[in-house]
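Next come the chains, spelled out residue by residue.
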Amino acid sequence: GNRSFAIEFKVSNAVSEEKQAKVAATDLPMIEVDLNSIRAGQIDADALDEAILHGASRAWVHHPDAEEGRRRLQARVDARKAERGRRLRYHIEKKDWVRPPQDWHEDIMALVVDAGLTDLLGGEIDCAHWFRVAPQVWQAEILATCIISPAMQYSPGSRIEIKGEWPNERSLASRVPDWMIRSDLSAYRPNSLEAAGYTTASFGSADAAIRYYLFELSKRGDVVFWDREERAFFIEPELHGYLHRRHELRWKIRQIVEAGGATDPDAIVERWMAKYSVNGRSQERLAREGGQAHDDLLSRVDD
């Protein structure tokens, strides 16, 4: 009819990218007929006509309808990818939290409250979507098990590294009970994460979330610090000393109270810790400062 086509005969070289771009710019349909297998002098005119018109392999280099079809197809592919990404993002970010058991509050949260570290809880941390509990819950678990308990157990002067449970010492997530960590997340492919608005790093893991939290604490300068050479976190010596001295004094006073047959030793110990002072300095202040005044008090308690 009245429609024009561009036809390229391929003998030794295919259509160049430059020519393809020019044809596409004019939106002119273009066919490439492959005559590469035909050798000069080995075929007559009729056979050549047959090859050109019918027999030789041919393909579209450019076709407006095909290009439009590809655009429509790509649009559908992109839409499906975006929908899958939206659903994955919703799944990653959903907050289907579980309630901690009562004994957890009595043991773990009580330690954090008693140590006066509740202001370190609840901050927004990258990769926190890996937990089935609110930020203040898993962060309290880290403070209690990785910082407070070891500081109370080991004497000041020792260097306490924050690490996972043996034999997974490099996995800080091993310090967190299984009921806190989500099991419905997995190692999604990078393109799936990209569609959901994440990278492999921002999706991370429960272990990554804990490390991000410790890095945030290290910025304060009074809780933990990061050792570049050892590539590990350590408890700040001043906090270590305070927690240990406070715990040691309370433990010794409790021994005395229990030996005296008190019916409610906990109440008596807390009342003594709150009221007893040395030259106007409270037990809390002595525990923080340490030094000779604290040592003298501990000696009198031992006597």
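Higher on the page you've got the structure.
Residues numbered from 1 in each chain as written. Predicted model: local features only at pLDDT ≥ 70, side-chain atom pairs only at ≥ 80, totals over all residues. Heavy atoms only, no water.

Peer 1: Any chance you could explain the sheet that holds strand β1 (residues 6–10) here in plain terms?
Peer 2: Strand pairing within a sheet occurs via backbone hydrogen bonds; the two strands may be parallel or antiparallel. Ordered by their spatial adjacency, three strands build an open sheet running β1-β2-β3, and the pairing between neighbours is mixed. Pairing within the sheet leaves two strands with one partner each, and these edge strands are β1 and β3 (58–62). The mean angle between the axes of side-by-side strands here comes to 25°, regardless of whether they run parallel or antiparallel. The sheet contact formed by β1 and strand β2 (residues 30–34) spans five bridges and is parallel. Across the sheet, A6 pairs through a bridge with M30, a residue of β2. Contacts from helix α1 (residues 17–26) reach β1, β2 and β3, with the element oriented near 70° to β3. (Pairing = 2+ DSSP bridges. Helix = DSSP H or I, 4+ residues; strand = E, 2+ residues; numbered from the N terminus. Axes fitted to C-alpha atoms, helices over the stretch in contact; angles between N-to-C directions. Contact = heavy atoms within 4.5 Å.)

Peer 1: How should the packing of aromatic side chains be read in this particular structure?
Peer 2: Following the criterion strictly, the structure yields 11 aromatic pairs and no others. Taking the centre distance of 6.0 Å and the plane angle of 35° together, the rings of F5 and W60 count as tilted. Residue F5 is located in the segment before β1, and its partner W60 is located in strand β3; the two are separated by 55 residues in the primary sequence. W60 gets classed as partly exposed once you look at its relative accessible area, which sits at 46%. When the ring of W138 is compared with that of Y213, the centres are 5.6 Å apart and the planes differ by 70°; the resulting orientation is edge-to-face. Remark: Y213 occurs in helix α8 (residues 206–220) and W138 occurs in helix α5 (residues 135–153); sequence separation between them is 75 residues. Three or more aromatic residues joined by ring pairs make a cluster, and in this case those are W130, Y188, Y198 and F203. (Phe/Tyr/Trp six-rings, centres within 6.5 Å; stacked < 30°, edge-to-face > 60°. Buried < 20%, exposed > 50% of the residue type's maximum accessible area, 1.4 Å probe, protein only.)

Peer 1: I keep staring at unusual backbone geometry and nothing clicks. Help me out?
Peer 2: For residues other than glycine, phi is negative in most cases, and the peptide bonds are mostly trans. Cis geometry marks the peptide bond from W166 to P167; its omega dihedral reads 10°. Residue placement: P167 occurs in the loop between β4 (161–162) and α6 (190–195). A positive phi is found at C127, a non-glycine position, where the angle reads about 70°. On the basis of relative accessible area, C127 is assigned to the buried category, the value being 3%. With a phi close to 50°, R231 is a non-glycine residue in the positive phi region. Here R231 is to be found in the loop between β5 (224–227) and β6 (232–235).

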